[in-house]
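Analysis of the macromolecular model
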Amino acid sequence: MFLKKNKIFFYGRRKGRKLSSSNIKLLKDYSQKFYLQEDQLHKIKFNENNKNILEIGFGNGMNLVHMSLNRPNDLFIGCDVYYNGCVKLLKQIVMQNIRNIKIWPNDINLIIKKFKRNFFDLILILQPDPWPKKKHKKRRLIQQKFLDDLSKVMRHEGKLIISTDHDVMKSWVLEQLHIRRDFTWVKNGFNYENEKPKCIINTKYTCKALENDNVVNWFFFKKN
Ligand SMILES: C[S@@+](CC[C@H](N)C(=O)[O-])C[C@H]1O[C@@H](n2cnc3c(N)ncnc32)[C@H](O)[C@@H]1O
């Protein structure tokens with residue numbers, strides 16, 4: 001996301017196919033309930049015993065569905081700018097009667113500062129867009145300012161998990177996090193670049209990577 005002359009620019013796909021009439025109805029009936037409204041943020045309860053989890057760029061949302069069903073007492077906030085993906089997730093929430101997911105159907109940068117400090121126990125960024133060309137590096141989601149914002153809303157010892165199968169993104173993630181004092185790259189098991197945690201499913205982009213025999217790297221960072 002960029003701000004130019006007070007206008008917001010987002011480089012990436014925001015809309016796909018036209019929505020079917022049933023999806024338009026779904027949005028009309030349920031978006032109020034399950035799409036996060038900025039003015040509702042202060043009403044979200046701070047979960048002392050349970051976890052607050054944020055997935056940024058959830059794609060079709062299937063990992064959120066999976067995790068939220070397995071952890072019904074935790075609160076999940078899913079964020080994606082891709083309109084059609086948000087509707088897909090909304091449909092699953094309604095069909096499976098899920099009550100612990102809220103969707104932010106927009107750029108994470110527009111809301112991240114508005115969460116309370118120390119709010120999240122876990123933040124997931126699975127297969128962020130790599131924007132591999134050097135001239136496009138400003139378009140990458142993970143930037144120092146963005147990490148400043150994440151750091152503020154994460155609890156002490158909270159976890160940030162990032163996965164990627166893209167070499168450019170792999171180096172970028174390590175470069176961006178290496179210089180920070182507020183995050184430590186932690187080992188999980190024996191390796192730094194470990195396997196996928198069991199609680200997370202193979203997302204669409206992870207499946208694509210595996211089909212192409214690409215290695216998916218998993219990075220685990222602890223908030224200090
Ligand atoms: C490469 S896709 C990965 C999708 C999914 N995590 C997966 O693994 O299948 C990246 C996703 O991040 C979303 N995205 C990119 N920049 C974003 C931003 N600033 N805020 C919210 N979502 C963003 C895109 O719309 C897209 O759905």
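Let me begin by describing the structure that accompanies this report. (Residues numbered from 1 in each chain as written. Predicted model: local features only at pLDDT ≥ 70, side-chain atom pairs only at ≥ 80, totals over all residues.)

Helix and strand content of the protein: six helices and nine strands. Computed over its C-alpha atoms, the radius of gyration of the protein comes to 17 Å, within 12% of the 17 Å expected for a compact globule of 224 residues. Taken over the C-alpha atoms alone, the protein extends approximately 45 × 40 × 40 Å along its principal axes. For the protein, with 224 residues in total, the buried portion stands at 30%. (Helix = DSSP H or I, 4+ residues; strand = E, 2+ residues; numbered from the N terminus. Rg over C-alpha atoms; globule rule 2.2 N^0.38 Å. Buried ≥ 20, exposed ≤ 12 C-beta atoms within 10 Å, placed from the backbone.)

Our focus in this paragraph is the site of the ligand. Near the ligand you find 23 residues, and of these Gly57, Gly59, Gln127, Thr203 and Tyr205 are the closest. In terms of residue count, helix H6 (residues 204-211) provides more of the shell around the ligand than any other element does, three residues in total. Classifying every residue of the shell around the ligand by side-chain character gives eleven nonpolar, eight polar and four charged. (Near = placed C-beta within 6 Å. Nonpolar A, V, L, I, M, F, W, Y, C, P; charged D, E, K, R; others polar.)

A separate point is unusual backbone geometry. The backbone of Asn118 shows a phi angle near 60 degrees, a positive value even though the residue is not glycine. Of note, Asn118 is situated in the loop between strand E5 (101-104) and strand E6 (120-126). Residue classification places Asn118 among the partly exposed residues on the basis of 15 C-beta atoms within 10 Å. Here Gln127, not a glycine, exhibits a phi torsion of approximately 55 degrees, which is positive. Counting through the fold element by element, Gln127 comes out in the loop between E6 and helix H4 (144-153).

As summarised here, the arrangement of the seven strands in space is E5-E4-E3-E6-E7-E9-E8, forming an open sheet in which the pairing is mixed. Each edge of the open sheet is held by one strand with a lone partner, namely E5 and strand E8 (183-185). On average, each strand axis in the sheet is tilted by 20 degrees relative to the strand beside it, whichever way the strands run. Pairing geometry for strand E3 (residues 52-56) and E6, over three bridges, is parallel. Its bridge partner lying in E6, Ile53 is registered against Leu122. Its contacts with the sheet put helix H2 (residues 62-70) on E3, strand E4 (75-79), E5 and E6, and the angle it makes with E4 is roughly 175 degrees. Here helix H5 (residues 167-178) sits on the sheet and contacts strand E7 (154-164), E8 and strand E9 (217-223); the angle it forms with E7, its principal contact strand, is near 160 degrees. (Pairing = 2+ DSSP bridges. Axes fitted to C-alpha atoms, helices over the stretch in contact; angles between N-to-C directions. Contact = placed C-beta atoms within 7 Å.)

Here helix H1 (residues 21-34) contains 14 residues, and its C-alpha end-to-end distance of 19 Å stays within 8% of the 20 Å for a straight helix at 1.5 Å per residue. By the largest-angle criterion, Lys28 marks the main kink of H1, which is about 40 degrees. The element H1 is largely exposed, with a buried count of zero among its 14 residues. (Expected span 1.5 Å × (residues − 1). Bend = angle between axes of the 7 residues up to and from the residue.)

Turning our eyes to something else, we now look at the pairing of E6. With six of seven residues buried, E6 lies mostly within the body of the structure. In terms of strand pairing, E6 meets E7 through six bridges, oriented parallel. Bridged to Ile123 within E7 is Leu160.

Any functional reading would require information that these geometric values do not contain.
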